[in-house]
Amino acid sequence: MKKNFLSLRGRRMAIQAVLLSALLIVAVSCEKDETAMFEETASSESSVLGSSSPTGFDVSAELNRGRGNRAPSPGSESIAEIAIGAGFDELVGALGYVDAELNAGLVDLFLNGTDQFTVFAPTDDAFEGLYEALEIDEISDLPAELVLDVLFYHVTEGRRAANSVVPPVRERFITTLLGESFSVNNKGKITAIGNTANIVAADISASNGIIHVIDAVILPI
């Protein structure tokens, strides 16, 4: 399964000019709306995220309190089980879409796999913001190859807790499964190739990795 999964890394598509222009518009839109996007969190997410509120989450404060001094122990549920149970419907739907179209095996990898990954998981509101900016209705309105690239850009190998993602001072660069990197500053702000996002909840421990929740879909172009 891992061999099949990793063999898809180099699979890239040339994005048409119209789509590229639309994604650049998303970058501007996300930058303007990043502080207003998450005034409400679904109750199903709250059971996983605990008492931390996405709008008030301060990664640096969590680290200072000692929470980020070491990686949390593996949880009992897989990354996919947590995502499904917490109501990350759009993210799960995107995984299913590329599986159906490209036989990528992502759902099985994150549901049953034992390899460790760190996932920067956009909430449903983050996906809805993307759809609105692109003037589409759902993830399947985009080419599956593009969606695969975007998903790979949200994942890195290994268990990376907040202390190894958020730097104490200078920016830290995270290399993703896409082979492209994004940077994270000491406030938990992600600067991607195409836009920015914020870590709004951190260190959700799964049996096969760690999830950090972000407030925008980060773009690799």
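The structure we're discussing is the one just above.
Residues numbered from 1 in each chain as written. Predicted model: local features only at pLDDT ≥ 70, side-chain atom pairs only at ≥ 80, totals over all residues. Heavy atoms only, no water.

Visitor: I tried to follow the packing of helix α6 (residues 89-102) against helix α9 (residues 144-152) on my own but got confused; where do I start?
Guide: Two numbers describe a pair of packed helices, the interaxial angle and the distance between the axes. Two elements in contact, α6 and α9, have axes whose closest approach is 9 Å; the angle formed by their N-to-C orientations is 130°. By the angle between their directions, the pair α6 and α9 is classed as oblique. For the pair α6 and α9, the crossing hand works out as left-handed. For the pair α6 and α9, contact is made by L91, A94, L95, Y97, V98, E101 and L102 and by A144, E145, V147, L148 and L151, respectively. Grouping the constituent residues of the contact of α6 with α9 by class yields ten nonpolar, no polar and two charged. (Axes fitted to C-alpha atoms, helices over the stretch in contact; angles between N-to-C directions. Helix = DSSP H or I, 4+ residues; strand = E, 2+ residues; numbered from the N terminus. Parallel < 35°, antiparallel > 145°, perpendicular 65-115°, else oblique. Left-handed = near helix turned anticlockwise from the far one by under 90°. Contact = heavy atoms within 4.5 Å. Nonpolar A, V, L, I, M, F, W, Y, C, P; charged D, E, K, R; others polar.)

Visitor: Where do I start with the sheet that holds strand β7 (residues 209-214) in this structure?
Guide: Where strands meet in a sheet, backbone hydrogen bonds hold them as pairs that are either parallel or antiparallel. Taking strand neighbours across the sheet as the criterion, the seven strands line up as β2-β1-β7-β6-β5-β4-β3 in an open arrangement whose pairing is mixed. The sheet is open, and its two borders are formed by β2 (155-157) and β3 (172-175), each paired with just one other strand. For this sheet, the mean inter-axis angle between neighbouring strands, taken without regard to orientation, is 30°. Here two bridges tie strand β4 (residues 181-184) to strand β5 (residues 189-191), and the two strands are oriented antiparallel to one another. Along β5, the bridge assignment pairs S183 with T191. (Pairing = 2+ DSSP bridges.)

Visitor: Looking at this model, I keep getting lost on empty space enclosed by the protein. Mind explaining?
Guide: If you roll a probe as big as a water molecule over the atoms, it shows you where there is empty space left. Across all of its chains, the model carries four cavities of 30 Å³ or more by this definition. Forming the boundary of the largest cavity are 14 residues, of which L91, L95, F110, V119 and V155 lie nearest the centre. For the lining of the largest cavity, the secondary structure elements donating two or more residues are α5 (79-85), α6, α7 (106-112), β1 (117-122) and α9. Considering each element in turn, the lining of the largest cavity owes the most residues, three residues, to α5. Space inside the second largest cavity adds up to approximately 80 Å³. Sorting the residues of the lining of the second largest cavity by element identifies α8 (124-134) and α9 as the ones contributing at least two each. Tallying contributions element by element places α9 first for the lining of the second largest cavity, with four residues. In the lining of the second largest cavity, the residues fall into twelve nonpolar, no polar and no charged. (1 Å grid on protein atoms, 1.4 Å probe; cavity = no way out; pocket = protein on both sides within 12 Å on 5 of 7 lines; lining within 4 Å. Points joined across faces, edges and corners; volume = space filled by probe spheres on them.)

Visitor: In this structure, what is going on with the packing of aromatic side chains? I would like to understand it.
Guide: Counted according to the given criterion, the structure contains four aromatic pairs. Each ring, one from F110 and one from F117, has its centre 5.7 Å from the other, and the planes form 75°; the classification is edge-to-face. For the residue pair F110 and F117, the accessibility class agrees, reading buried in each case. With 6.2 Å between their ring centres and 50° between their planes, F127 and Y131 make a pair best called tilted. Linking F127 with Y131, this pair stays in helix α8, spanning four residues, or about one helical turn. Overall, the relative accessible area of 2% leaves Y131 in the buried class. (Phe/Tyr/Trp six-rings, centres within 6.5 Å; stacked < 30°, edge-to-face > 60°. Buried < 20%, exposed > 50% of the residue type's maximum accessible area, 1.4 Å probe, protein only.)

Visitor: Teacher, can you tell me more about the pairing of β1 here?
Guide: For β1, a buried count of six out of six residues is recorded, marking the element as mostly surrounded by other parts of the structure. Burial along β1 is two-sided: F117, V119 and A121 facing one way and T118, F120 and P122 facing the other are all buried. Where β1 and β2 come together, three bridges link them in antiparallel fashion. In the sheet register, V119 faces β2, and the bridge partner there is V155. Note: β1 against β7, six bridges, orientation parallel. Within the sheet, the bridge partner assigned to P122 lies in β7 and is I214.

Visitor: Help me understand the side chain of N195, please; the structure alone is not making it clear to me.
Guide: By the secondary structure assignment, N195 is in the loop between β5 and β6 (196-206). Overall, N195 belongs to the buried group, its relative accessible area being 5%. From its side chain, N195 meets the backbone nitrogen of L219 in a polar contact 2.9 Å long. (Polar contact = N/O pair within 3.5 Å; in protein donor to acceptor, adjacent residues only side chain to side chain.)

Visitor: Sorry, what's going on with α9 here?
Guide: Note on helix geometry: an α-helix contains 3.6 residues per turn, so any two residues three or four positions apart are oriented the same way. Within α9, eight of the nine residues are buried, leaving the element largely enclosed by the surrounding structure. Restricting attention to buried positions, one finds in α9 the residues A144, L146, V147, L148, D149, V150, L151 and F152.

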